[in-house]
2 protein chains.
Amino acid sequence: MAATNRAWIFEHPPVGDDFDSALKFRDWPMPEAADGQVLVKNLYLSLDPANRRWMAGPTYMPQIPTGAPMWGFVIGEIVKSNAPGFAAGDIVGGVGTWSDYSAVSTQGLDKIPDMGGLPLHAAVGLFRGPGGTAYVGVVDIGQLKAGQTFVVSGAAGSVGSLAGQIAKILGATVIGIAGSPEKCAWLTHDLGFDHAIDYQREDVEARLRVLCPNGVDVYFENVGGAVGNAVAANMAKFGRIAVCGLTAQYNADRAPVGLDIMPLLLNGCTMQCFILYDYLDRLGEATAKLAEWYGAGRIKYHADIADGLEHALGAFKTLFQPGAAHKGKLMVRIDPSAN
Amino acid sequence: MAATNRAWIFEHPPVGDDFDSALKFRDWPMPEAADGQVLVKNLYLSLDPANRRWMAGPTYMPQIPTGAPMWGFVIGEIVKSNAPGFAAGDIVGGVGTWSDYSAVSTQGLDKIPDMGGLPLHAAVGLFRGPGGTAYVGVVDIGQLKAGQTFVVSGAAGSVGSLAGQIAKILGATVIGIAGSPEKCAWLTHDLGFDHAIDYQREDVEARLRVLCPNGVDVYFENVGGAVGNAVAANMAKFGRIAVCGLTAQYNADRAPVGLDIMPLLLNGCTMQCFILYDYLDRLGEATAKLAEWYGAGRIKYHADIADGLEHALGAFKTLFQPGAAHKGKLMVRIDPSAN
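Residues numbered from 1 in each chain as written. Chains lettered and ligands numbered in written order. Predicted model: local features only at pLDDT ≥ 70, side-chain atom pairs only at ≥ 80, totals over all residues. Heavy atoms only, no water.

Engineer: Break down the overall build of chain A for me, citing the residues and quoting the values.
Structural biologist: Across its full length, chain A carries ten helices and 16 strands. Here the C-alpha radius of gyration of chain A, 20 Å, is about what a compact globule of 339 residues would show, namely 20 Å. The dimensions of chain A, computed from C-alpha atoms along their principal axes, are 65 × 45 × 30 Å. For chain A, the computed accessible surface area is about 13,200 Å², with 52% contributed by carbon and sulfur atoms. Placing the 26 positive and 33 negative side-chain charges of chain A at their respective mean positions leaves the two points 3 Å apart. (Helix = DSSP H or I, 4+ residues; strand = E, 2+ residues; numbered from the N terminus. Rg over C-alpha atoms; globule rule 2.2 N^0.38 Å. Areas by Shrake-Rupley, 256 points an atom, 1.4 Å probe, with all protein chains shown as cover. Lys, Arg positive; Asp, Glu negative; His and termini not counted. Charge placed at Lys NZ, Arg CZ, Asp CG, Glu CD.)

Engineer: An account of the sheet that holds strand β4 (residues 68–69) of chain A is requested, with residue identities and associated values reported.
Structural biologist: All names here are of chain A. Overall, antiparallel pairing links the three strands, which are arranged β2-β1-β4 in an open sheet. Both edges of this open sheet fall to β2 (23–27) and β4, since each of them pairs with a single strand only. In the sheet, strand β1 (residues 6–10) pairs with β2 via five bridges, with the strands oriented antiparallel. By the bridge assignment for β2, R6 is matched with D27. (Pairing = 2+ DSSP bridges.)

Engineer: Could you give an account of the relation of the copies chain A and chain B, naming the residues involved and the relevant values?
Structural biologist: You can overlay chain A on chain B at an RMSD of 0.0 Å; the transform is a turn of 180° with a shift of 0.0 Å along its axis. Between the two chains, the operation in question is that of a two-fold axis. Minimal C-alpha distance to the rotation axis in chain A is attained by G258 of chain A, lying at 1.8 Å. (Least-squares fit on C-alpha atoms with pLDDT ≥ 70 in both.)

Engineer: Which residues make up the interface of chain A and chain B, and what are the values?
Structural biologist: Quite often, the size of an interface is put as the accessible area lost when its parts meet. Residue-level contacts link 28 residues of chain A with 28 residues of chain B. For the pair chain A and chain B, the summed buried area comes to about 2,600 Å², and 69% of that belongs to carbon and sulfur atoms. The tally of links between chain A and chain B comes to two salt bridges. Of the charged contacts, one joins D278 of chain A and K237 of chain B as a salt bridge, the two residues approaching to 2.6 Å between their closest N and O atoms. Taken together, the connections running from chain A to chain B amount to six residue pairs in polar contact (both at pLDDT 80 or more). (Contact = heavy atoms within 4.5 Å. Buried area = accessible area lost by both parts, 1.4 Å probe. Salt bridge = Lys/Arg side-chain N within 4 Å of Asp/Glu carboxyl O. Polar contact = N/O pair within 3.5 Å; in protein donor to acceptor, adjacent residues only side chain to side chain.)

Engineer: Report on the side chain of T97 of chain A, specifying residues and quantitative values.
Structural biologist: Residue and element names in this part refer to chain A. Structurally, T97 can be placed in strand β6 (residues 91–97). A polar atom in the side chain of T97 sits 2.7 Å from the side chain of S99. What T97 contacts, discounting residues up to four positions off in sequence, is N42, P69, M70, W71, G72, V74 and S102.

Remember, this is a structural readout, not a statement about activity or role.
Here it is as structure tokens:
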């Protein structure tokens, strides 16, 4: 029996959080690998807040074409190669599509090495996007030093949970901001954060004033909006803000809650925005460190895995629901046999 | 006849722009120089937007005490010294009071050297606060390079007008944003800016899109608010924003128009806030360069001088009126005989 293909088709940019009309799940023709491309049988799909930005318009990525499969980071096995250096059977990771099969250019496609004792999904859930972003944000952008106070929002997410653990290893006092008591308990009990603040139930600005009487030295910003302002109001002299994401406003069609710069001005603070794509030369060091720390039991990696491509959209929505139960990296297992 | 003293008394922090009830002009007892202090006969008072922030609460300065003379940067002549190293007849500059006489500590007080052919007020109008802030903002914080595109808001003000001229000397394309056709004409016709945008009458974001098709490399931020967002939306990849002031919100009692960080995130931009007080070690180089450029006719220095201490508040208010006629540095000549 010939293989069949299914895909989430990107109908149009979503309005607010109305994803149900923006993405439709359909049977879809099997893609063909053009010259220089490979045909990949997708094993895992990574779900990331940045995907929401890609839907809205051009970013560091071009606009996603409408009427074609939605884009996402995938791990898969090459079933046919029309590109030199890649062969059927290779396990690869890169930007593909929300579908059973993707035909992709090999530019930007990486062969995934043997993962040792780690599950395959850790190749993108721990090492590449989330781990690389967390490492670059803490080390290069945040320039965190031992003894400093470090705050991260979106702390129970894939990037935030790793950023906080990295900051802890580097000798900081670490405070995570997340959206439910369960997530906060996970941060402090399981991941070793010093404190956690539930922004749905607590006054973030007031809590930080108590927890950080000398101010926040480094803030790893994943959400923006009111939470971002609450932390900005508590920055230490010469504090640094590493802006990695702004999930609070990804679904907003109204003007976002902007950042009040005044407290940053009074303290001579620096805010530096970054995208991992601009720091790919740092991935080698990041991956080596993460592997070392993971191997020594100093970093915990947790992925919430949704089984079945048909559940991709439902899982994706939980990225923007503060009280959603998922923690750490969110993935879809497309091929039931993937480890 | 014994000398008499008058002063602007700081009654309470102003609500919005109601300065008339916040500051009262009164006869006031002659201050006395305590041990370690000097008594200064004030010649000039510098009026700066930052004074508005000082009124609101503690900043890098303590809260201004109520029921006592308002604080401001002054140039004056010592009439009595109770401090080593300072003598009657010395001309000094530092934080004093809006009054005929100030008793001040010599900590932070500078002796003003011979000004050559320049008027005395250039000691604070060109060299120290405005010139130092402009130089540090362009060179250290903005890290401007030849061939880049430089935008400055509050461009007809003391800091902005110097920042734009420094950027021009360093080889940038320079665009100033100001609040009247007269100010814009001054920038392009007299100061050599490449372009000027009247934010009261033009769409700043749209004009920048046309003037800077490749984006703004360095933005020198003096105002914040809607103007700041319009420039932020036009930043180039890896652009830098040097935040020196936020005059648009100094008088605001409502929540300020915050900065939309999204365009900065997409372009990996850095925003660095700074206060000259933290860069006093850079004043030597700044002053030497400014003197060299001024001497070579490459920088123009313009001060609008209000005559008479009684007019200090009226002049101060014009700092926050977009269409006000003043350009460059705003000063009050307290002693009619001052050059």
